[in-house]
Amino acid sequence: QVQLPESGGGLVQPGGSLRLSCAASGTSSVYSMGWFRQVPEKEREFVGNMHWSSGRTSYSDSVKGRFTISRDSAKNTIFLEMDSLKPEDTAVYYCALQSRVFSGWGYWGQGTQVTVSS
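Quick summary incoming for the structure in this document. All figures in this text were calculated on a predicted structure; none of them were measured in a lab. Residue numbering note: each chain is counted from 1, following its sequence as written. Confidence filtering applies because this is a predicted model: local features only for residues at pLDDT of at least 70, side-chain atom pairs given and counted only at 80 or more, and all residues used for totals across whole chains, interfaces and linings. Heavy atoms from the whole structure form the basis of all side-chain values; hydrogens and water molecules are not counted.

1. With respect to unusual backbone geometry
Here comes step 1: Although it is not a glycine, Ser-84 sits at a positive phi angle of roughly 50°.
Here comes step 2: A helix here means a DSSP run of H or I that spans at least four residues, while a strand means a run of E at least two residues long, and both kinds are numbered starting from the N terminus. With respect to the helices, strands and loops of the structure, Ser-84 is situated in the loop between strand 8 (77-82) and strand 9 (91-98).
Here comes step 3: For the exposure calls, accessible area comes from a 1.4 Å probe over protein chains only, and a residue counts as buried if that area is under 20% of its type's maximum, exposed if over 50%, partly exposed in between. Under the relative-accessibility criterion, Ser-84 is labelled partly exposed at 43%.
Here comes step 4: At Phe-102, a position not held by glycine, the phi torsion is positive, near 70°.
Here comes step 5: Along the chain, the position of Phe-102 falls in the loop between strand 9 and strand 10 (107-108).
Here comes step 6: What makes Phe-102 exposed here is its relative accessible area of 80%.

Shown next as structure tokens:
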């Protein structure tokens, strides 16, 4: 059973930083891991992802230059370093895993709340 527990969420002031982490277990097949976020009454939004074999990353325009994805390959762990946080970054952040190319985001974490407020 694939599990993706996230950690690192919390309350931070505007301009501050947070680091989220997500350690995948229960699978040895990882094509890509990524982060999404969602606020109430809105669709889940893509934040960024990392192609696991190459390490290549992609980001949404709303976070590009402020958020950075990194990994610990040996532990199948992905990180999301969030800098220069804005109130509009407030959301529940979800870790996701794509096990094979064209398989879609088949596995999701339970989510961790990030609140940016003074």
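2. With respect to the sheet that holds strand 7 (residues 67-72)
Consider a sheet: its strands pair through backbone hydrogen bonds, and that pairing is either parallel or antiparallel.
Here comes step 1: Any two strands with at least two DSSP bridges between them are considered paired. Ordered by their spatial adjacency, four strands build an open sheet running 1-3-8-7, and the pairing between neighbours is antiparallel. Whereas interior strands pair on both sides, the edge strands pair on one side only; in this sheet they are strand 1 (6-7) and strand 7.
Here comes step 2: Across six bridges, strand 3 (residues 18-23) lies against strand 8 in antiparallel orientation. Along strand 8, the bridge assignment pairs Cys-22 with Ile-78.

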